[in-house]
Amino acid sequence: MLRMILGRLPQMVIVVLGTGFLAFSIMFVLPGDVVRSILGDNYTPQAAAQISAQLHLNQPFLIRYFSWLGDFVTGQLGTSLIPPHQQVSDLLGQALLPTGEMLLFGQIIAIVLGVGLAVLSVASRNRVVDRIVQAIALVCSSIPGFVLGLLLLELLAVQFQLVSPRGWVAPADGGWGENISHILFPSLILGLFTFPVMMRVFRAELVSQLDDEDYVTLARLKGISTGRLIFRHVLRNSSFGLLTVVGINVARLVGGVVVIEAIFGIPGMGTLIKNSVQQHDTPAALASITFVAIFVVVANLLVDIAYAILDPRVRDAAS
Amino acid sequence: MTTATPTNTSMIPTSKRGPRLRLYRARAYRKPSVIVPAAILLFILLACFAGPTLFHLPKPSVGNLSDYLLPIGSPHHLLGTNTLGNDMLSQLLVGGQITIIVSVGAMALGLVFGTLIGMIAGYYERIVGAVLMRILDIIFAFPDIILAVAIAAYLGPSVINTIWAIGFFNIAGFGRIARAQTLRVVRMDFIVAGRSSGISGFSILWTHIWPNIAGRVFAYALIALSYAMMAEASLSFLGLGVPIPTPSWGNIIGSNQSYMSLAPLLIVMPAILLFATIASANLLADGLQEKRASTIE
Amino acid sequence: MSESGAAMPERLVDVENLTVRVSGREGMPILDSVSITVEAGKMTALVGESGAGKSMTTKAILGILDDRLFDVSGRIEVCGEDVSAMKTKQRRQYISRVAALVFQNPTRALNPTMRIGPQIAEATRFAPDGPHLSDKAAHDRAIELMKQVGIAAPEERYFAFPHQMSGGMKQRAVIAIALSLNPKVLFCDEPTSSLDVTTQALIMDLLDELRARLGLGILFITHDLVLAASRADTVQVLHSGRVVEKMPVDDLFQRAAMPYTRDLIARVPGFGGDEPRPTMIPLEVASPAHACSYVGECAFRQGICGTQVPPLAEIEPGHLARCWFPVGHPPLDQSLATAHEGASIGR
Ligand SMILES: Nc1ncnc2c1ncn2[C@@H]1O[C@H](COP(=O)(O)OP(=O)(O)OP(=O)(O)O)[C@@H](O)[C@H]1O
Ligand code: SF4
Ligand SMILES: [Mg+2]
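Residues numbered from 1 in each chain as written. Chains lettered and ligands numbered in written order. Predicted model: local features only at pLDDT ≥ 70, side-chain atom pairs only at ≥ 80, totals over all residues. Heavy atoms only, no water.

1. Topic: a nonpolar patch on the surface
Residues and elements named next belong to chain B. Basically, it comes down to this: Each patch is built from salt-bridge-free residues with over 30% relative accessible area, joining like charges within 9 Å and nonpolar side chains (Val, Leu, Ile, Met, Phe, Trp, Tyr) within 5 Å. Only the protein chains shown count as cover for residues, and all accessible areas are computed by the Shrake-Rupley method using a 1.4 Å probe. For this document, the term salt bridge refers to a Lys or Arg side-chain nitrogen within 4 Å of an Asp or Glu carboxyl oxygen. Elements are defined by DSSP. Helices are runs of H or I of four residues or more, strands are runs of E of two residues or more, and each kind is numbered from the N terminus.
On the surface, a cluster of nonpolar side chains totalling about 570 Å² of accessible area is made up of Tyr-124, Ile-127, Val-128, Val-131, Ile-135 and Phe-202. Examining the composition of the nonpolar patch, we find that 4 residues originate from one element, helix 5 (residues 127-141), more than from any other. In this fold, Tyr-124 is placed in the loop between helix 4 (88-123) and helix 5.

Shown next as structure tokens:
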């Protein structure tokens, strides 16, 4: 297992570095006078020269890149260029929790819905149930997340006042209960528009296991009940495709998070990235983009580890 | 860009399979799960592109504030007007044009570049392949919203820029599919034989590998189209995509967001169109896939 | 049906006129009136080329065909009960008690993510008609079964995953699973064709031993005529879904009468068929459903072969063949044969 993780390390580092480089290049080529926007009304040529020197703005591209990289690797994320000039590490710290919670809950909701509905549609052996499940998945996968969010928000929060309205409550301010009750609804939206892919993949896998695999026939011949057959045998063997989808989805989810944060007014990573790029706040933008890349890469590693845990063949091959 | 897809499609089955097979295939398409979504898509396409001229609709953004929020069925405004007095039918149909152009364009961008990269990565498995794959991984790990934000913030949002922003991220998806399929095909005997007899790589890629992976790639194209459509809508909704006053389904929803309680139809109508289009694309993808399975049988 | 003599052994499988069709498809059925018997303590070998319908026969008997895809008819008796009349669930439970299946590919027959021991113990704990053993008792029973099928170091192997065992060992595990509910009859669908020759012999020895010790009846499916001849008691030859010959094993290499069987034998190395053969006459077959299934390749064919399916007839006591012109025997029904001769011979 350890060897597998170590083997993946170079790849992961390359992807993170590449992402950082790409982000750096984008920020570099963006037109617009950073110095002027920082100084605003206090603009004087002297102050401008000073700031340029401070930000290494006069240096060539590669020098600036490597000096940023050196700072980043040694944990110096710098301060935001935008007043009130917070530490970037603080900004990240504040933004990580809401987004992390949303991704975690959203992913759990998606997996539970995806696996649950797939099992329901296959195990019920009922055409109608199957059709209904398929229809739900089609609807959810065909409505953009923000539309779903807006409509459900209007319906559940404004009209029926069933869920907490927009906004984010930090656990320090309102306690964990308040915090979770606010993050649950946006997570649900995230889960709703992610689960259909999982359901389809899982359902296809379930069907192919049940129809084609000899070990299923063998279990049936022994008189093992369908419930036990599915839960003890088939579920685990069907989960590998699902894992792959989870890994691929992580990157897509981050995009969805930006939109959902915008709708619900949640100050998470998506908002941080959007604002910092928009305001040319290079330190904050680079740090947050690179963090997302690290997150994506680590999530994919976790998926591979889960693979190895679930499949003894992979486990043995890895060690 | 829009016409590239259909022309290529007609090229897939030609190489070695005879006309009989193609006839058979055409017949296999003739079933409800293919025809119904295809018909809906065609209808939406026609309505959006021919509708405004056909029905002499006013331009989408020339409304008069005195026509503020006219209800559905008003004279001259079949679907009413929005808060600026713009004709909603015109907004929806022209908005549809924009949404369709952007998403088809972005999909085509991903299709062309992603497939090319993926095929090369799959064919030259070793160094070139590894390098290209890492590049695809990087594009993949890069939150797609960033480029859009950057482009919108500094080049200014526009239809073309939105196509670039979304298309760029489609490259990774197509790249993965094309690479996986190429890897599958490359191991087949006739390719191995061709390779060892010294035929040039690009000639093999084009004449042998492409025809064998085109089906899967185009099947993915429909899915990518529905992703692109959602991405366009999301970006425009955030104000990072198609800029107002040019309407698109996404920015119609975005710009009317604050009137949700006052005039929910302003949001519901474009949402329904968006849903119908994406759902049809998804259903069509399913229907075609189903056909593929039964053809093999 | 042809067995004569005083002490009739117990008939564990007695199938008559088993016909299987793909639902909604006209034309030739997959199995056409197949009859087959297996007796206690005996091994019946079912041989035939790929696609003849051997696996289909076992699946139909065991009731594991998808009834949405196939129509099954005929009388299927297993251990004295007519299972074709039973409801699906009842049938499954009954079959689980009296019969078991050993698959061709042991790797696919075992759950790759479950340890071997629990897979063997599973039925004894959870099968509705099983003994519902406790966790501990089931473990002990599994160990006992593993010993019985010759798995060395069973206490350790209990915790192995399938991919950690060799092919032969996996097949032994599959047999252990098959034995776990004390069946009376074992269906073995090419149980050795995925194994190397040495392992093959060991597995066959194991099956022989189990048959002798437990009085099991075995339906043994194989491509391998030599294997069939060396181990079975009765041989049935299947071709295109029809039983074309059925004989005591000693007749197989000496007295096979159906040209198809003889051609199979001729292909076995060491039995090289230099035997003289008539030159094949040209023949056009209008409808395969009304012709001998081997008419396309048969050197002995005559006009009638293309127009009428030969009956499965007893050409010697205990030896049945489905052929108008059984080799080494007088034609089946000369009057019929001559009457048709030339009638439908093509250009
Ligand atoms: N789902 C199906 N639909 C149509 N025909 C089928 C189906 N499954 C099997 N068949 C047909 O049934 C026939 C018998 O197949 P079966 O698997 O019993 O052959 P077999 O004698 O076991 O061959 P092998 O030695 O290869 O295992 C085959 O000719 C096959 O074409
Ligand atoms: S019936 Fe005729 S065709 Fe068939 S095996 Fe006998 S001789 Fe040959
Ligand atoms: Mg078989």
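2. Observations regarding the interface of chain A and chain C
Where the parts come together, the accessible area they lose is often given as the size of the interface. Our working rule: The contact definition used throughout considers only heavy atoms, calling two residues in contact when any of these lie within 4.5 Å. Two parts lose some accessible area (1.4 Å probe) when they are put together, and adding that loss for both gives the buried area.
Counting residues at the interface gives 23 residues for chain A, matched by 29 residues for chain C. Taken together, the two surfaces of chain A and chain C that pack against each other cover about 2,400 Å², and 59% of this comes from carbon and sulfur. Taken as a group, A:Leu218, A:Leu221 and A:Lys222 account for 30% of the area that chain A buries against chain C, more than any other trio of residues on that side. The tally of links between chain A and chain C comes to 2 salt bridges. Across the salt bridge formed by C:Glu122 and A:Arg228, the nearest N and O atoms sit 2.7 Å from each other.

3. A short note on the interface of chain A and chain B
Counted only if it meets this: Under the rule applied, a polar contact is a pair of N or O atoms within 3.5 Å (in protein, one hydrogen donor and one hydrogen acceptor; residues adjacent in sequence only if both atoms are side-chain atoms).
The partner chain B presents 37 residues to the 43 residues of chain A that form the contact. Between chain A and chain B lies a buried interface of about 3,600 Å² when both sides are counted; carbon and sulfur atoms form 79% of it. Counting the surface chain A buries against chain B, the share from its top three residues, A:Ser142, A:Phe146 and A:Leu150, is 14%. Linking chain A with chain B are 0 salt bridges. The interface formed by chain A and chain B holds 1 residue pair in polar contact (both at pLDDT 80 or more) in total. When contributions to the side of chain A that touches chain B are tallied by element, the ones reaching two or more residues are helix 1 (2-29), helix 6 (127-142), helix 7 (145-159), helix 8 (171-212), helix 11 (239-264), helix 12 (269-278) and helix 13 (282-310) of chain A.

4. Here we look at the confidence of the model for chain B
Residue and element names in this part refer to chain B. Applicable threshold: What pLDDT conveys is the predictor's confidence in a given residue, as a value from 0 to 100.
Overall, the prediction assigns chain B a mean pLDDT of 76, with 81% of residues at 70 or greater. Of all helices and strands in chain B, the one with the weakest mean pLDDT is helix 1 (residues 4-9) (34), whereas helix 4 scores best (88). Here residues 291-297 is a poorly scored stretch, pLDDT under 50, and it has 8 contacts once near neighbours within four places are set aside; other chains count.

5. Comments concerning helix 8 (residues 197-214) of chain C
All names here are of chain C. Filter applied, for reference: Helix span, as expected, comes to 1.5 Å for every residue beyond the first. Throughout this description, buried means an accessible area under 20% of the type-specific maximum (1.4 Å probe, protein chains only), exposed means over 50%, and partly exposed covers the range between. This arc is built from the directions going out from the helix axis to the C-beta atoms.
The terminal C-alpha atoms of helix 8, which comprises 18 residues, lie 25 Å apart, in line with the 26 Å expected from a rise of 1.5 Å per residue. Regarding helix 8, the residues found buried are Thr-199, Gln-200, Ile-203, Met-204, Leu-206, Leu-207, Leu-210 and Arg-211. Projected onto a plane normal to the axis of helix 8, the buried residues spread over an arc of 155 degrees and lie on a single side. Exposed residues on helix 8 whose side chains face more than 90 degrees from its buried face are Val-197, Thr-198 and Ala-212. N-capping of helix 8 is provided by Asp-196, with a side-chain oxygen placed 3.2 Å from the backbone N of Thr-198. Of the residues one or two after helix 8, Gly-215 is the one with positive phi, at around 65 degrees.

6. Points about the pattern of salt bridges
All names here are of chain C. For the structure shown, the criterion picks out 22 salt bridges over all chains. Two residues, Glu-209 and Arg-213, come together in a salt bridge whose shortest N-O distance is 3.0 Å. Of this pair, Glu-209 and Arg-213 both sit in helix 8, separated by 4 residues, roughly a single helical turn. One salt bridge in this structure joins Arg-211 and Asp-233, with 2.7 Å as the shortest N-O distance. Pair noted here: Arg-211 is in helix 8 and Asp-233 is in the loop between helix 9 (225-231) and strand 9 (234-239), with a separation of 22 residues, a long-range link. Taking the relative accessible area as the measure of exposure, Asp-233 reaches 27% and is therefore partly exposed. Connected through salt bridges with shared partners, the residues Arg-11, Asp-14, Glu-16, Arg-75 and Glu-77 form a single ionic network.

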